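# Descriptive analysis of the structure
Residues per chain are reported as follows:
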Amino acid sequence: MDEKDRKIISILQKSGKATLSEIAEEIGMSAMGVKKRIDKLEKENLIKSSVSLNVEKLEILTAILVMEVESAEALNNILEKFKDCPRIIKFFVTTGGYNLFALIWAEDLHSLESVTLEKCSLRAQPGIRRYEVFPIQEIFYEPYIEIKVSADKVNIAPCGVDCRSCSRYKAEKCLGCPATEFYRGKL
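This write-up is about the structure you can find in this document.

The rules behind the values
Residues numbered from 1 in each chain as written. Predicted model: local features only at pLDDT ≥ 70, side-chain atom pairs only at ≥ 80, totals over all residues. Heavy atoms only, no water. Helix = DSSP H or I, 4+ residues; strand = E, 2+ residues; numbered from the N terminus. Buried < 20%, exposed > 50% of the residue type's maximum accessible area, 1.4 Å probe, protein only. Contact = heavy atoms within 4.5 Å. Lys, Arg positive; Asp, Glu negative; His and termini not counted. Charge placed at Lys NZ, Arg CZ, Asp CG, Glu CD. Pairing = 2+ DSSP bridges. Axes fitted to C-alpha atoms, helices over the stretch in contact; angles between N-to-C directions. Expected span 1.5 Å × (residues − 1). Arc of directions from axis to C-beta. Salt bridge = Lys/Arg side-chain N within 4 Å of Asp/Glu carboxyl O. Polar contact = N/O pair within 3.5 Å; in protein donor to acceptor, adjacent residues only side chain to side chain.

### A look at the overall build of the protein chain
On a plain count of helices and strands, the protein chain comes out with six helices and six strands. Counted from the first residue to the last, the protein chain has its helices and strands arranged as α-α-α-β-β-α-β-β-α-β-β-α. For the protein chain, the spread of C-alpha atoms along the three principal axes comes to 60 × 35 × 30 Å. Residue burial in the protein chain is summarised as follows: out of 187 residues, 40% are buried. The long-range fraction of contacts in the protein chain, counting pairs at least 24 apart against all pairs at least 6 apart in sequence, stands at 64%. The average position of the 28 basic charges and that of the 28 acidic charges among the side chains of the protein chain differ by 2 Å.

### Comments concerning the pairing of strand S3 (residues 88–93)
As defined by bridge partners, S3 adjoins strand S4 (residues 100–106) across five bridges and the pair is classed as antiparallel. Looking at the pairing, Phe-92 lines up with Phe-101 of S4. Taking the residues that link successive antiparallel strands as the turn, the S3-S4 hairpin has six residues, and the phi of Gly-96 there is positive, at about 110°.

### A few points about the sheet that holds strand S2 (residues 61–69)
Strand order in the open sheet formed by four strands is S3-S4-S2-S5, with antiparallel pairing between adjacent strands. Taken across any chain shown, the strands that pair with only one partner, and hence form the sheet edges, are S3 and strand S5 (128–135). Sheet twist, expressed as the mean angle between neighbouring strand axes with direction ignored, is 20°. Direction of pairing for S2 relative to S5: antiparallel, over a ladder of seven bridges.

### Let's talk about helix H1 (residues 3–14)
Over its 12 residues, H1 runs 17 Å from end to end, which matches the ideal 16 Å to within 8%, given 1.5 Å per residue. Along H1, the residues classified as buried are Asp-5, Ile-8, Ile-9 and Ile-11. The buried residues of H1 occupy an angular sector of 165° when projected down its axis, which confines them to one face. In this structure, H1 carries Gln-13 and Lys-14 as exposed residues pointing more than 90 degrees from its buried face.

### Considerations on the pattern of salt bridges
As enumerated under the stated definition, the model contains 11 salt bridges in all. Measuring nitrogen to oxygen at the nearest pair gives 2.8 Å for the salt bridge that ties Arg-37 to Asp-2. With Arg-37 in helix H3 (residues 31–43) and Asp-2 in the segment before H1, this residue pair connects regions lying 35 residues apart in the sequence. Notably, a salt bridge pairs Asp-39 with Lys-35, separated by 2.8 Å at the nearest N-O pair.

### Description of the environment of Glu-80
Tracing the backbone shows Glu-80 in helix H4 (residues 72–81). Once the C-alpha coordinates of Glu-80 and Cys-159 are considered, the two residues, 79 residues apart in sequence, prove to be 9.1 Å apart. Reaching out from Glu-80, the side chain makes a polar contact with the side chain of Lys-83 at a distance of 3.0 Å.

Given below as structure tokens:
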């Protein structure tokens, strides 16, 4: 990656809608040259085009979950089970007392409670020794976060749970999994 690549990335981070011509003009290249560089950066998996949502405008809650997982096997099982969970924005494997962090989202406090308490929660997984939830009160600089939006709804959540069997879902204290046809939220 050279200086021109860094400039292209910087421009795209400021405005993902910047056209090839606008980027080319700003850094002194042809539009085709910029396109080739972007294609190369994507091919090498150095950048990825994505859409981020404004969580403040959508009034979406975010939280950080910290967990102590007892073994590498348990950690890998959790990562595999929840890889397609639309409520998990990112997982982070760390060192120290807590070795797995998750950035999650929910539409309201009831749904956040469900995501952290029910059988679809990370807390309920085998191998979790300790678990803490830190709701995020304020996001600084930019309120945009990559949240998975499921257009094609399924019957059973990606983690294998059926929302219809959940007492909190039945009591309307959870909006359900956003990947299922039973989801009652705005996304």
